[in-house]
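These are the residues of each chain, in order.
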Amino acid sequence: MNPEIRVRFAPSPTGYLHIGGARTALFNWLFARHHGGKFILRIEDTDRTRNTEEAMAAIYEGLQWLGLNWDEGPHVGGNFGPYLQSERTELYERHLKTLQDAGHIFEDQGALRFRSPREHVILDDLVCGKIDFDLTDPGTHPDMTIRRPDGSWIFHFVNVIDDLEMKISHGGRSQLPLPAWLVAERQSGEDRHRRDHSHFRSRSRRTQPCHVRSR
């Protein structure tokens, strides 16, 4: 068993588990089982207006029907909970303050946005090799909103914090706003351990193919 391998499936309870979500969960579950690691279920319930109890129940039932048991998460617990983002606000507030104190956050029409440094971000992708993201143009890579005017969190921000705090070693999914994600992670000052992030290709989406970062 390799306890350093920690992967997660982090759906939002805004609708039923669909084939794309099931595929992502399966790939992460297989990766964890192959390497003797842990498969974590985390519920990203930041969208207050769209979350439903029925959708959350459907996620649990769908994964159970598929036989994708989780090692940490709702109903089973773990050392890095709680596993619902709605219960982790204090943690997000602490990281937000760190970024604010460092001058990385500004207010825009009541929302909070992350000030992206205008530079190249280079990552090593386990599938595609070295990838260079050019963040110098704010027209193509605008500063990322991390908190809505009503105080609710944008998943781009809390997803990063949760991955850091839960010590996720690899992240497998079809796409992720990686440039902003990588910069936000680095600027958070949480460079405590080396992690790889694997992002599987989805040919059915208009997206950058796959990303895996290693630091």
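Just above, that's the structure.
Attention here is on the structure that accompanies the text. (Residues numbered from 1 in each chain as written. Predicted model: local features only at pLDDT ≥ 70, side-chain atom pairs only at ≥ 80, totals over all residues. Heavy atoms only, no water.)

## Things to note about the pairing of strand β2 (residues 38-41)
Here's step 1: Bridge count between strand β1 (residues 6-9) and β2: four bridges; the pairing is parallel. Bridge pairing in β2 links Arg6 to Lys38.
Here's step 2: Viewed along the sheet, the connection from β1 through helix α1 (residues 19-35) into β2 turns out right-handed. (Pairing = 2+ DSSP bridges. Helix = DSSP H or I, 4+ residues; strand = E, 2+ residues; numbered from the N terminus. Right-handed = clockwise from strand over helix to strand, strands pointing away.)

## Thoughts on the sheet that holds strand β3 (residues 105-108)
Here's step 1: Read from one edge to the other, the open sheet built from three strands follows the order β3-β4-β7, with strand pairing classed as antiparallel. On the outer flanks of this sheet lie β3 and β7 (144-147), each paired with one strand and no other. Averaged over neighbouring strand pairs, the angle between their axes works out to 45 degrees when direction is ignored.
Here's step 2: With three bridges joining them, strand β4 (residues 111-114) and β7 adopt antiparallel strand pairing. Directly across from Arg113, in β7, lies its bridge partner Thr145. (Axes fitted to C-alpha atoms, helices over the stretch in contact; angles between N-to-C directions.)

## Quick word on the pattern of salt bridges
Here's step 1: Applying the stated criterion to the full structure yields 13 salt bridges.
Here's step 2: A salt bridge links Glu72 to Arg6, with the nearest nitrogen and oxygen atoms 2.8 Å apart. With a gap of 66 residues between them, Glu72 in the loop between α2 (53-66) and α3 (89-101) and Arg6 in strand β1 connect regions that are remote in the sequence.
Here's step 3: The class for Glu72 is buried, based on a relative accessible area of 3%.
Here's step 4: For Arg42, the salt bridge identified is with Asp162, shortest N-O distance 3.5 Å. Taken together, the residues span a long stretch of sequence, with Arg42 in the loop between β2 and α2 and Asp162 in helix α4 (residues 155-165) at a distance of 120 residues. Per residue, the accessibility class of Arg42 equals that of Asp162, and both read buried.
Here's step 5: Among the charged side chains, a network of salt bridges with common partners joins Arg8, Arg42, Glu44, Arg88, Asp162 and Asp163. (Salt bridge = Lys/Arg side-chain N within 4 Å of Asp/Glu carboxyl O. Buried < 20%, exposed > 50% of the residue type's maximum accessible area, 1.4 Å probe, protein only.)

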